[in-house]
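Letter by letter, the chains look like this.
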Amino acid sequence: MGKVIRLSLFLIAISLFLTGCSNSKEDITLDINKNENLIDTNNINQIISNDIYSKESEEQELINIIESVEKNKPTMSDEERYDLRADIFSNLNQDQVLKFDDCYTVLSQVILDDRYKELFDKENNRWDAYDNNDLYGIVNIIRYVSNSVKNQAFKNDLNRVEALCLYGLENRDIIALIDARRIMRDIKYHIFEVPYFKEGDAIVEINEEDYSIYYGASEVLEGDRYKTMGIYRYN
């Protein structure tokens, strides 16, 4: 009789356990449905960095995204980019070309050698310094360059760099500044310093490694195929 009672209690316990599992599974299903509803409400027609720069994102995941570089090459040939440079330079003076390079150098100093990692922290003192000097006046310099530009795709790139710098500074968003630098780097090495020479050109020594990195972030190089890190959308 004692064995029968113990067996009955054991079966009741199993029944209660299975009932609990069934309820738990139902709860999980409801949570999934709620998440799907949240996804549907995302607005992708405005500047958004929360897609990857969210509270749930681990810093290392962001670093992996930033440092992953595909070994792509520009769609345009070297000669096409050489001719494109001639067209762009025909409307710029030497000072404007040098100022563009200065802006690129400044952004590189903000970001390179892992310095960008400190700026995930929006309370880092470097953000205060950038606020005080308007990020070294990059926006005004980019506007100075853009004023003379006739090529619309190149002007769009400069406008995008300006918008990203303003957004990055205002929101202390290092991802925006990284995107701005990617656009400028593509233009610097793959247009302004394209490794292609014609008869009569002064041939300069080039560093092959500089040309091994290509982000495809510039509209003037890639048309509507350009891509930043995929977190900014423009109306």
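All of these numbers come straight from a predicted model, not from anything done at the bench. (Residues numbered from 1 in each chain as written. Predicted model: local features only at pLDDT ≥ 70, side-chain atom pairs only at ≥ 80, totals over all residues. Heavy atoms only, no water.)

Asks: Got a sec to walk through helix α6 (residues 134–146)? Specific residues and values, please.
Replies: For α6, with 13 residues, the first-to-last C-alpha span of 18 Å sits near the 18 Å given by 1.5 Å per residue. Considering only its buried residues, α6 is in contact with α4 (94–111), α5 (125–132), α7 (152–171) and α8 (174–192). Capping the start of α6 is the job of one residue whose side-chain oxygen sits 2.9 Å from the backbone nitrogen of Leu135: Asn133. (Helix = DSSP H or I, 4+ residues; strand = E, 2+ residues; numbered from the N terminus. Expected span 1.5 Å × (residues − 1). Contact = heavy atoms within 4.5 Å. Polar contact = N/O pair within 3.5 Å; in protein donor to acceptor, adjacent residues only side chain to side chain.)

Asks: Would you mind going over the pattern of salt bridges in detail, with residue names and values included?
Replies: What the rule picks out here adds up to 12 salt bridges. For Arg81, the salt bridge identified is with Asp78, shortest N-O distance 2.3 Å. Of the two residues, Arg81 and Asp78 both sit in helix α3 (residues 78–89), three residues apart, roughly one turn of that helix. The class for Arg81 is buried, based on a relative accessible area of 4%. (Salt bridge = Lys/Arg side-chain N within 4 Å of Asp/Glu carboxyl O. Buried < 20%, exposed > 50% of the residue type's maximum accessible area, 1.4 Å probe, protein only.)

Asks: Could you give an account of the nonpolar core, naming the residues involved and the relevant values?
Replies: Within the largest apolar cluster, 52 residues are counted, with the highest numbers of intra-cluster contacts made by Leu135, Phe154, Cys165, Ile174 and Leu177. Those elements giving two or more residues to this core turn out to be α2 (59–67), α3, α4, α5, α6, α7, α8 and α9 (219–222). Broken down by element, the residue count for this core peaks at 12 residues, all from α8. Setting aside residues no more than four positions away along its own chain, Leu177 makes contact with Leu107, Val110, Ile111, Trp127, Leu135, Leu164, Cys165 and Gly168. (Core = buried A, V, L, I, M, F, W, Y, C linked by side-chain atoms within 4.5 Å.)

Asks: For the layout of surface pockets, give the residues involved together with the corresponding values.
Replies: In this structure, the largest pocket spans a volume of roughly 280 Å³. The wall of the largest pocket is formed by 14 residues, among which Ile66, Glu67, Leu112, Arg181 and Tyr215 lie closest to the centre. At the level of secondary structure, the elements contributing two or more residues to the lining of the largest pocket comprise α2 and α8. Tallying contributions element by element places α8 first for the lining of the largest pocket, with three residues. Across the lining of the largest pocket, the residue classes break down as eight nonpolar, no polar and six charged. (1 Å grid on protein atoms, 1.4 Å probe; cavity = no way out; pocket = protein on both sides within 12 Å on 5 of 7 lines; lining within 4 Å. Points joined across faces, edges and corners; volume = space filled by probe spheres on them. Nonpolar A, V, L, I, M, F, W, Y, C, P; charged D, E, K, R; others polar.)

Asks: Explain α5 to me, using residue names and the numbers behind them.
Replies: Within α5, the full set of buried residues consists of Arg126, Trp127 and Tyr130. When α5 is viewed along its axis, its buried side chains cluster within an angular range of 105° and face the same direction. In α5, the exposed residues that point more than 90 degrees away from the buried face are Asn125 and Asn132. Taken together, the buried residues of α5 touch α4, α6, α7 and α8. The N-cap residue of α5 is Asn124: its side-chain oxygen and the backbone nitrogen of Arg126 are 2.8 Å apart. Backbone geometry just after α5 places Asp134 at a positive phi near 50°. (Arc of directions from axis to C-beta.)

Asks: Explain the environment of Gln152 to me, and be specific about the residues and the numbers.
Replies: For Gln152, the location among the structural elements is in helix α7. Separated by 67 residues in the primary sequence, Gln152 and Glu219 place their C-alpha atoms 9.5 Å from one another.

Asks: Which residues make up the packing of aromatic side chains, and what are the values?
Replies: Going through the model one piece at a time under the given rule, you end up with 10 aromatic pairs. Seen in terms of ring centroids, Phe100 and Phe192 are 4.9 Å apart; in terms of plane orientation they differ by 55°. Their pairing is tilted. Taken together, the residues span a long stretch of sequence, with Phe100 in helix α4 and Phe192 in helix α8 at a distance of 92 residues. Both residues of the pair, Phe100 and Phe192, count as buried. An angle of 85° between the planes, with centres 5.8 Å apart, marks the rings of Tyr189 and Tyr211 as edge-to-face. Placement of Tyr189 in helix α8 and of Tyr211 in the loop between α8 and α9 is noted, with a sequence separation of 22 residues between them. Taken individually, Tyr189 and Tyr211 each receive the classification buried, so the pair is uniform in this respect. Each residue in the set Phe89, Phe100, Phe154 and Phe192 is aromatic and connected to the rest through ring pairs, giving one cluster. Across the ring face of Tyr189, the terminal group of Lys188 is positioned such that the distance to the ring centre comes to 5.2 Å. (Phe/Tyr/Trp six-rings, centres within 6.5 Å; stacked < 30°, edge-to-face > 60°. Lys NZ or Arg CZ within 6 Å of the ring centre and 35° of its normal.)

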